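# Fold and geometry: a report
One-letter residues, chain by chain:
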Amino acid sequence: MTAPKAALWTAREAALATGGTITDDATWSVDGVSIDTRNVAAGDLFVALKGPRFDGHDYVATALSNGVAAAMVSRAPANADPARLLAVPDTQAGLEALAVAARARSDARIVAVTGSVGKTGTKEALATVLGRQGMTHASSGNLNNQIGMPLSLARMHAASRFGVFEIGMNHAGEIAPLSGMLRPHAAIVTTVEAVHLEFFPDVAAIADAKAEIFAGMNSDGVAILNRDNPYFDRLALRAREHGVGRIWGFGAAEDAEARLTDIASDDTGSLVSAIVFGQAVRFRLPLPGRHQAQNALAVLLGVAALGGDIAQGAAALEGLAPVKGRGVTTEVALPGGGSFRIVDETYNASPAAVRAVLAVFGMTAPGRGGRRLVALGDMLELGTASPAEHAGLAPALAAAKADLVFTAGPLMRHLHDALPAAMRGGYAPDSDALAATIAAAVRPGDIVLVKGSAGSRMAVIVSALRALAKEETGSRHAV
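Residues numbered from 1 in each chain as written. Predicted model: local features only at pLDDT ≥ 70, side-chain atom pairs only at ≥ 80, totals over all residues. Heavy atoms only, no water.

### Details of the nonpolar core
It is characteristic of soluble globular proteins that their nonpolar side chains tend to be buried jointly. Applied cut-off: Here, nonpolar core refers to any group of buried Ala, Val, Leu, Ile, Met, Phe, Trp, Tyr and Cys residues whose side-chain atoms link them within 4.5 Å. For the exposure calls, accessible area comes from a 1.4 Å probe over protein chains only, and a residue counts as buried if that area is under 20% of its type's maximum, exposed if over 50%, partly exposed in between. Two residues form a contact once any of their heavy atoms are found within 4.5 Å.
Ranked by internal contacts, the top residues of the largest apolar core, which has 38 residues, are L126, I224, V276, F283, L285, L300 and L317. Leave out the neighbours within four places in its chain, and L126 touches V111, V113, G131, V164, I188, V299, G302 and V303. If you look at the next biggest cluster of nonpolar residues, it comprises 37 residues, including F165, A194, L197 and A239.

So this is what it looks like as structure tokens:
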């Protein structure tokens, strides 16, 4: 549902929220909050954050000339109109104070989402489903860290009925203060897997870090947990230690509040049957894979926890679409005739996520005469387990019936060496070097899966493959 016409923040409201200073003639109001001059909108409040390698104060003049209504600063830039400035001692603290005030003034029912994989997709699904039942504010993209989460919360209108927020981490202690700021009524942990092992002694410690999401909850809150995950009991214990009064599970387990009873999947999606609080629910989910079906059940529990309608929620799930970088399929018409498909999974990667995607990819049939090609980039932050985790993907690739596997990055060298010679499509030290190799190898009918951690820049390969359509024939690609 659309946002109300009332301003998001007036000058006086923002000053009161942050303890900042405005001039007597400051009459501005803002419709949004931004921290990046590359995507500011007219009418925004630009927050001049300062980091180890940047200072937003250097861009205040640019932001004001681009139409922002005002800027939050800790020092007044030269030649800036004082009437358009909100002065605070520290802009990061000012942004957090604005977020706390946004939460305090709203009666919105709030759900927070974390987990080793599936956070953003689950957040987007919740936003879609709840948006059908009332005005819903959701964090955009992956704004889930110490800057992104307060920024998302500061953008929430007071009239919102629901709020959906993603919280991420890669170190212990990062989630608890964000949960305290957000004070969610419900918290979803999609799953706990071997992700960010570089910063944790074991997966149990990762579970404990994820459980920090319960820190800001009250006794009437709901913890929504993956009943099939081996860390369910540990998470449930941590939730109770934080005083959370209700714990609901989703998955195939018999005692799950949202129990998956049947799933019929193909490469376009799944027909899902479930029992949710004793109510039979059946829906077509246009996102393939068992992991997607399980997260859909978490969404339905989130809807219930916020007072929404489960049946309406299930119907709304049928209208979901994949998020950019998480399974969007593009068909590319080749200049010489025929076409091939790209499955873009370049947003991020972990061992669990790669295996889940490969399970779906194995159900996806290539075109006539085509092959299944896989391009994989390094999975980062796995610490000493990294060589084994990369090499350990070989059986999943074989099970997915991959014809050729192209790998990029020093860590993926371990997988390249573990593959049978016939499956080795090519190896390169980085995605830039691999792009030409795989572009030269693709042929009509192929389907190409591209995945890697964000830092491995595998989107470069997607761009190179899409560019094959931009030849003299004027071929087009379409999602």
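Next comes the rest of the write-up.
### Examining the sheet that holds strand β11 (residues 162-166)
We count it as follows: In short, DSSP must find at least two bridges between two strands for them to pair. Numbering goes from the N terminus for both helices and strands, where a helix is a DSSP run of H or I of at least four residues and a strand is a run of E of at least two. Whenever a helix is involved, its axis is fitted only over the stretch in contact; in every case the axis is a line through C-alpha atoms, and angles between N-to-C directions fall within 0 to 180 degrees.
Spatially, nine strands are ordered β10-β11-β9-β12-β13-β14-β15-β16-β17 in an open sheet, and the strand pairing comes out mixed. Pairing within the sheet leaves two strands with one partner each, and these edge strands are β10 (136-138) and β17 (279-285). Neighbour-to-neighbour, the strand axes of this sheet turn through a mean angle of 15°, independent of strand direction. Sheet analysis places strand β14 (residues 246-251) next to strand β15 (residues 258-266), joined by two bridges and oriented parallel. Paired with F250 across the bridge in β15 is A258. Lying on the sheet, helix α9 (residues 290-305) is in contact with β9 (109-114), β12 (186-189), β13 (222-226), β14, β15, β16 (269-276) and β17; it crosses β14 at an angle near 150°.

### Description of the environment of I110
With respect to the secondary-structure elements, I110 resides in strand β9. The residues touching I110, leaving out its near neighbours within four places in the chain, are R103, M156, G163, F165, L182, P184, H185, A186 and L306.

### A closer look at the confidence of the model for the protein chain
Defined as follows: Known as pLDDT, the predictor's confidence for each residue is given on a scale from 0 to 100.
Scored by pLDDT, the protein chain has a mean of 92; 97% of the residues are at 70 or more. For residues 471-479, every residue scores under 50 in pLDDT, and the model assigns this stretch 23 contacts once sequence neighbours within four places are set aside.

### Quick look at the pairing of strand β19 (residues 339-345)
The buried fraction of β19 is high, at five of seven residues. In terms of strand pairing, strand β18 (residues 328-333) meets β19 through six bridges, oriented antiparallel. From the neighbouring strand, E331 faces β19, where its bridge partner is R341. Linkage of β18 to β19, two consecutive antiparallel strands, is achieved through a turn of five residues, within which G337 is found at a positive phi near 110°. Across five bridges, β19 lies against strand β23 (residues 447-451) in parallel orientation. Bridge pairing in β23 links I342 to V448.

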